[in-house]
Amino acid sequence: MKIGILSQFPELYSTKRLQEACIARGHEAEIINIANCYMNINSVKPTIHQEGVELTGFDAVIPRIHAKVTFYGCSVVRQFEMMGVYAANDSIAISRSRDKLTALQLLSRKGIGMPVTGFASKPGDIPDLINMVGGAPLVIKLLEGTQGIGVVLADTKKAAESVIEAFFGLKANIMVQEFIKEANGSDIRCFVVGDKVVAAMKRQGPEGDFRSNLHLGGHGETIKITPLERKTAVAAVKAMGLVVGGVDILRSERGPLVLEVNSAPGLEGIEKTTGIDVATPIIELIERNALSKRQR
Ligand code: ADP
């Protein structure tokens, strides 16, 4: 097969590992920088071009769309879909999971555990919003934030009100969330491919930080997850309509709570922590799905 890896970062560990795994399984792999793609949208033969050359012959693409280019990236993925190319995460599922609020609403519909979350737009509703999530301490999150940036812990009701008011003043979309204290600054990243968790790690934040993001100085550790955590992670990826996803779970007194589902989970942290190859299962999934799509 000819597989396109849609990434702006050819030098990134994740991109290189996916390319290696494609080649190791006997496929042709091409890294496509979505920023250089432009499209001809028509009803006869939709196409994608790059520097004057039409991209042809692709059987499948692996979208690795960075949060900063979600809109353009998803439009390129969608164009591949219009051309009949299988996408290992389709454009609609990527858009859904990128919006933290939409993602939680979809998870709630499926009865998947999550921290109680509130969303409002009027300053007058702040006191009731804080009560809804169980009062302080609570977590305030920018809807557009990633890698822990824009996630704030407010220790008191007064601090929460001030921070929420400040965000409202800046016209930023925020959600307010119950603080899961017993998670102790750690969470579990489950790497899901199809209907399996292929690897999982515990991420522990640096001393004094409630956020466990590796980009903020957190570190990964191996961990054995429970059957319920496994089931929750797979269900969360399915609820988004994704086939590959990184599910972040908090261990709470009332069981696993999903924070978010990442449509382009990093390979480096999880492979280096667990020693598990997570790239090959993605290529194997593409082999199964792209082939059955072609037969249909
Ligand atoms: P981002 O998408 O920016 O990584 P997250 O919602 O995943 O934002 O939050 C970043 C980190 O903060 C999480 O990995 C987790 O360690 C911590 N965290 C987030 N929400 C909560 C919460 N409600 N209770 C306790 N810790 C939380």
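Refer to the structure printed above.
Structure report, in brief. (Residues numbered from 1 in each chain as written. Predicted model: local features only at pLDDT ≥ 70, side-chain atom pairs only at ≥ 80, totals over all residues. Heavy atoms only, no water.)

Thoughts on the sheet that holds strand E15 (residues 244–252)
For clarity, the threshold we go by: For two strands to pair, DSSP has to find at least two bridges joining them. Runs of H or I in DSSP of at least four residues are treated as helices and runs of E of at least two as strands, each being numbered from the N terminus. A fitted line through C-alpha atoms represents every axis, and for helices the fit uses only the stretch in contact; the resulting angles, taken between N-to-C directions, go from 0 to 180 degrees.
Read from one edge to the other, the open sheet built from 5 strands follows the order E14-E13-E12-E15-E16, with strand pairing classed as antiparallel. With one partner strand each, in any of the chains shown, strand E14 (219–222) and strand E16 (255–262) form the two edges of the open sheet. In this sheet, adjacent strand axes meet at a mean angle of 35 degrees when their direction is disregarded. Alignment of strand E12 (residues 186–193) against E15, held across 6 bridges, turns out to be antiparallel. Across the sheet, Arg 189 pairs through a bridge with Asp 248, a residue of E15.

A closer look at the packing of helix H4 (residues 100–109) against helix H7 (residues 227–240)
Between two packed helices, the angle of one axis relative to the other and the distance separating the axes together describe the packing. Operational definition: Should the near helix be turned anticlockwise from the far one by less than a right angle, the crossing is termed left-handed; should it be turned clockwise, right-handed. Only heavy atoms matter for contacts: two residues are in contact if any of them lie within 4.5 Å across the pair. Residue type decides the class: Asp, Glu, Lys and Arg count as charged, Ala, Val, Leu, Ile, Met, Phe, Trp, Tyr, Cys and Pro as nonpolar, and the leftover types, Gly among them, as polar.
Here H4 crosses H7 at 115 degrees, and the two axes come no closer than 9 Å. Judged by the twist between their axes, the crossing of H4 over H7 is right-handed. Note on element contacts: H7 touches H4 through Ala 236, Ala 239 and Met 240, opposite Ala 103, Leu 106 and Leu 107. In terms of residue class, the contact of H4 with H7 is built from 6 nonpolar, no polar and no charged.

Some thoughts on the pattern of salt bridges
The criterion, for reference: We count a salt bridge whenever a side-chain nitrogen from Lys or Arg sits within 4 Å of a carboxyl oxygen from Asp or Glu. Under the scheme applied here, a residue whose accessible area is under 20% of the maximum for its type counts as buried, over 50% as exposed, and between as partly exposed, the area being computed with a 1.4 Å probe on protein chains only.
According to the stated counting rule, one finds 17 salt bridges in the structure shown. With a shortest N-O distance of 3.9 Å, Lys 122 and Asp 125 are connected by a salt bridge. Residue classification places Asp 125 among the partly exposed positions, given a relative accessible area of 34%. Arg 254 is the partner of Glu 178 in a salt bridge, and the nearest nitrogen-oxygen pair spans 2.8 Å. Pair noted here: Glu 178 is in strand E11 (residues 174–178) and Arg 254 is in the loop between E15 and E16, with a separation of 76 residues, a long-range link. Classification of Glu 178 as buried rests on a relative accessible area of 17%. Through salt bridges with shared partners, one network takes in Arg 17, Glu 20, Glu 271 and Asp 277.

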